[in-house]
Structures are given as C-alpha cells and as structure tokens.
Amino acid sequence: MLNLGDEFPNFKADTTVGQIQFHDWISDSWAILFSHPSDFTPVCTTELGRLANLTSEFEKRGVKIIALSCDPVDSHQKWIQDIKSYAKHSGEGFPYPIIADDSRKLAVNLGMLDPLEKDKDGLPLTCRAVFIIGPDKKLRLSMLYPATTGRNFDEILRVVDSLQLTETKKVATPADWKSGGTCMVLPTLKEEEANALFPKGFSVVNLPSGKPYLRITPQP
C-alpha cells in the first residue's frame, strides 16, 4: 500500500486516449486517479457520468482526472456511450481518459482490489479508490470505497480545495469546512508568527484545559 507522501508509481498504461506514462501525463498539474470495479455496471456508470459533468470544476483547480478499471480499452470505448447518455453529457469524445488494467497489475500493485466483491469468474473486483497526487508526483490523499458504495464527488472537490489551500498557507481546515470558510491556525505557529501571517487576525477559543491551541482565522 502507498503511504501519504510516497512518490506515486510512474506506470505505463493503455487508455482510451492511447498509451501514457503516468508522470509525463500529470506533467506539473495536480491529478486524481479514480478506480472503478467494472464497465457496464450501474454504480460505476453514475460515478463516471457525474465525474464527466464535473470536469470543468477540476480544470478550474488545475487538476487532471483519470479513471481505471480491469477492462480493455475497447470495452471502455463502448461503455463511454452509455455513460454520456445517462449523464446527458454532450460534446465530442469524452472529457478524461480511462485506463485499461485488464491484467490487474495496477490494481494489485496499488492495493485497489476489493476481496469481498468478485466478478463472474470469481476474481476480486477493483474497489473505488481515489488517489490525489500533487505536482511533485507524491500521494497527498487516498480513499478506498467498497464496490457497493458510490463516491461523493462534491467531497472530493472539497478536499482538493483544502489540500491546495494548506499547501501554500499555514492553516488547517476544520470539520465540514468549505472554500471561503474560517480556518484553523496551525498549532506549531508561535503567536508572533501568526500575527505576522494573518493580518485579518485570529481569535482564540476558550477551552476548559486553558490551552490556547484552537485559533480561528478567516481563510487567507
């Protein structure tokens, strides 16, 4: 399994847009790799359709998106028509590539198999993995959903906003934070550093412990 901060593997793969070398494909962007269990299945169709309709939101954030399942390219190409029809997604082509991992090599190497869900041949299906990779090619966030549970893509956009904000600002985002909401000053910052970094100021929450670690500031 990959740990946060590990360099993401620079694999070569066939996709619906041709063969790619993953790090070259990412270039200097953020990237998200989404895996799904199988083509021509109901939950996966809803997910990839939702993702297609959200492509512009990821593009605004400088994020490239790519999908993967253990099916060949020709299966992906046929399935794309169903996805577009279900999602009412118009336009030529498809807005992001889908990796063909019919050998299951990537699914095994990246720890993406769901042992509880199997295909008609009794082989484990790919789980619904989300890997967010920074421009430095390092893993910044991972989430693994079982095959039976569809993902919330609004949440994935929210965590992208948090990752990109906290990449450059010395803040953390609290529970249920959304872009534009108040943030937490990092507890490692001394008061004089915090005063210099946050000209809008910050407030300290009084807690029973008396420790002034919970400091709230407007989003920088």
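Below you will find a few notes about this structure. None of these values were measured; they are calculated from a predicted model.

### Remarks on the sheet that holds strand E5 (residues 98-100)
Inference 1: Taking strand neighbours across the sheet as the criterion, the 7 strands line up as E2-E1-E5-E4-E3-E8-E9 in an open arrangement whose pairing is mixed. A strand with exactly one partner marks an edge of an open sheet, and here the two such strands are strand E2 (18-21) and strand E9 (139-145). Averaged over all adjacent pairs, the angle separating strand axes in this sheet is 30°, with direction ignored.
Inference 2: By the bridge criterion, 3 bridges tie strand E4 (residues 63-69) to E5 in an arrangement that is parallel. Note that in E5 the partner of Leu68 across the bridge is Ile99.
Inference 3: Against the sheet, helix H4 (residues 73-87) touches strand E1 (12-15), E4 and E5, its axis set at about 150° to E5.
Inference 4: The sheet contacts of helix H6 (residues 153-168) involve strand E3 (30-35), E4, strand E8 (128-133) and E9, and relative to E3 the element is tilted by about 150°.

### A few points about the packing of helix H2 (residues 42-53) against H4
Inference 1: Their axes nearest at 9 Å, the elements H2 and H4 cross at an angle of 70°. With respect to H4, the axis of H2 lies roughly perpendicular. When the axes of H2 and H4 are compared, the crossing they make is right-handed. Between H2 and H4, the residues in contact are Cys44, Thr45, Thr46, Leu48, Gly49 and Asn53 and Trp79, Asp82, Ile83, Tyr86 and Ala87, respectively.
Inference 2: Here the contact of H2 with H4 is composed, by residue class, of 6 nonpolar, 4 polar and 1 charged.

### Some details on the side chain of Arg215
Inference 1: Within the secondary structure, Arg215 sits in strand E13 (residues 215-217).
Inference 2: We note that Arg215 is buried and unpaired, the nearest opposite charge coming from Glu191 at a distance of 6.4 Å.
Inference 3: Within the structure, Arg215 has its side chain in polar contact with the backbone oxygen of Leu186 (distance 2.7 Å).

Rules used in this analysis
- Residues numbered from 1 in each chain as written.
- Predicted model: local features only at pLDDT ≥ 70, side-chain atom pairs only at ≥ 80, totals over all residues.
- Heavy atoms only, no water.
- Pairing = 2+ DSSP bridges.
- Helix = DSSP H or I, 4+ residues; strand = E, 2+ residues; numbered from the N terminus.
- Axes fitted to C-alpha atoms, helices over the stretch in contact; angles between N-to-C directions.
- Contact = heavy atoms within 4.5 Å.
- Parallel < 35°, antiparallel > 145°, perpendicular 65-115°, else oblique.
- Left-handed = near helix turned anticlockwise from the far one by under 90°.
- Nonpolar A, V, L, I, M, F, W, Y, C, P; charged D, E, K, R; others polar.
- Buried < 20%, exposed > 50% of the residue type's maximum accessible area, 1.4 Å probe, protein only.
- Lys, Arg positive; Asp, Glu negative; His and termini not counted.
- Salt bridge = Lys/Arg side-chain N within 4 Å of Asp/Glu carboxyl O.
- Polar contact = N/O pair within 3.5 Å; in protein donor to acceptor, adjacent residues only side chain to side chain.

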